[in-house]
Amino acid sequence: MKQKTLARILCALLACLLTALMLVACADVDKTGDWETATYTRNETLGKGAKTITVKVVADGQELTFTVKTDKENLEEALLEHKLIDGDEGAFGLYIKKVNGIVADYDADKTYWAITKNGEATSSAKDTLIADGECYELTKTKSEW
């Protein structure tokens, strides 16, 4: 009898924990600061391709996570496909100035979009080949220079 009661309590606690995690995962970001111009203000799933990647956008102390489904070969193409990035074309591909509607302007305030793949810095979105299950982070960063 005690084992059944304990199992019920554990199941109830697990259900509460999962519900809380789902609420946090779906939480809106505050449309303040950098996020005033954001296109999306909650975690989203975009696309229908064979590869699924996770893209976290971090700016002004807040973050959103996008699940991107794509058939594109590189990160730049996958993000452009869903209009998550914009910028100026350069020798190394797109110089990203805007992510999810949030602007980083090095000339104005020394900010730029840093890109990491599974926690490691990448050279450019165009040169970053993507594979199913990988994780990327685009972080608005202020230069120390």
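Here the structure is a predicted model, which is why all the values come from computation and not from measurement.

## As for the overall build of the chain
When helices and strands are counted, the chain shows three helices and nine strands. The linear arrangement of helices and strands in the chain, starting from the amino end, is α-β-β-β-α-β-β-β-α-β-β-β. Long-range pairs, those at least 24 residues apart, make up 48% of the contacts in the chain between residues at least 6 apart in sequence. As displayed, the chain offers around 9,300 Å² of accessible surface, 56% of which is attributable to carbon and sulfur atoms.

## As for the packing of aromatic side chains
Inspection of every chain in the model, using the stated rule, returns one aromatic pair. Residues Tyr 40 and Phe 66 carry aromatic rings whose centres are separated by 5.5 Å and whose planes lie at 70° to one another, so their mutual orientation is edge-to-face. Here Phe 66 lies in strand S3 (residues 62–70) and Tyr 40 lies in the loop between helix H1 (2–25) and strand S1 (44–47), a separation of 26 residues in the sequence.

## Remarks on the environment of Lys 72
Within the element layout of this structure, Lys 72 appears in the loop between S3 and helix H2 (75–81). For the pair Lys 72 and Leu 129, spaced 57 residues apart in the sequence, the C-alpha separation amounts to 9.0 Å.

## Focus on the nonpolar core
Taken as a class, soluble globular proteins show a tendency for nonpolar side chains to be buried jointly. Core analysis: the largest hydrophobic core is formed by 27 residues, its most contacted members being Ile 96, Trp 113 and Leu 138. Going through the elements one at a time, strand S2 (51–59), S3, H2, strand S5 (93–99), strand S7 (111–117) and strand S9 (135–142) are the ones with two or more residues in this core. A total of four residues in this core trace back to one element, the largest contributor, which is S2.

## Some points on unusual backbone geometry
Not every positive phi belongs to a glycine, and Lys 83 is a case in point at roughly 55°. As for its position among the elements, Lys 83 is in the loop between H2 and strand S4 (85–90). What makes Lys 83 exposed here is its relative accessible area of 70%. Within the chain, Asn 100 stands out as a residue other than glycine whose phi angle is a positive 50°. With respect to the secondary-structure elements, Asn 100 resides in the loop between S5 and strand S6 (102–103).

## A few points about the environment of Thr 116
Relative to the helices and strands, Thr 116 resides in strand S7. Here the alpha-carbon distance between Thr 116 and Lys 56, two residues 60 residues apart in the chain, equals 9.8 Å. If we ignore the near neighbours within four places in the chain, the residues touching Thr 116 are Ala 121, Thr 122, Cys 135, Tyr 136 and Glu 137.

Quick notes on the rules
Residues numbered from 1 in each chain as written. Predicted model: local features only at pLDDT ≥ 70, side-chain atom pairs only at ≥ 80, totals over all residues. Heavy atoms only, no water. Helix = DSSP H or I, 4+ residues; strand = E, 2+ residues; numbered from the N terminus. Contact = heavy atoms within 4.5 Å. Areas by Shrake-Rupley, 256 points an atom, 1.4 Å probe, with all protein chains shown as cover. Phe/Tyr/Trp six-rings, centres within 6.5 Å; stacked < 30°, edge-to-face > 60°. Core = buried A, V, L, I, M, F, W, Y, C linked by side-chain atoms within 4.5 Å. Buried < 20%, exposed > 50% of the residue type's maximum accessible area, 1.4 Å probe, protein only.

Such coordinate-based values are descriptive only and should not be taken to indicate function.
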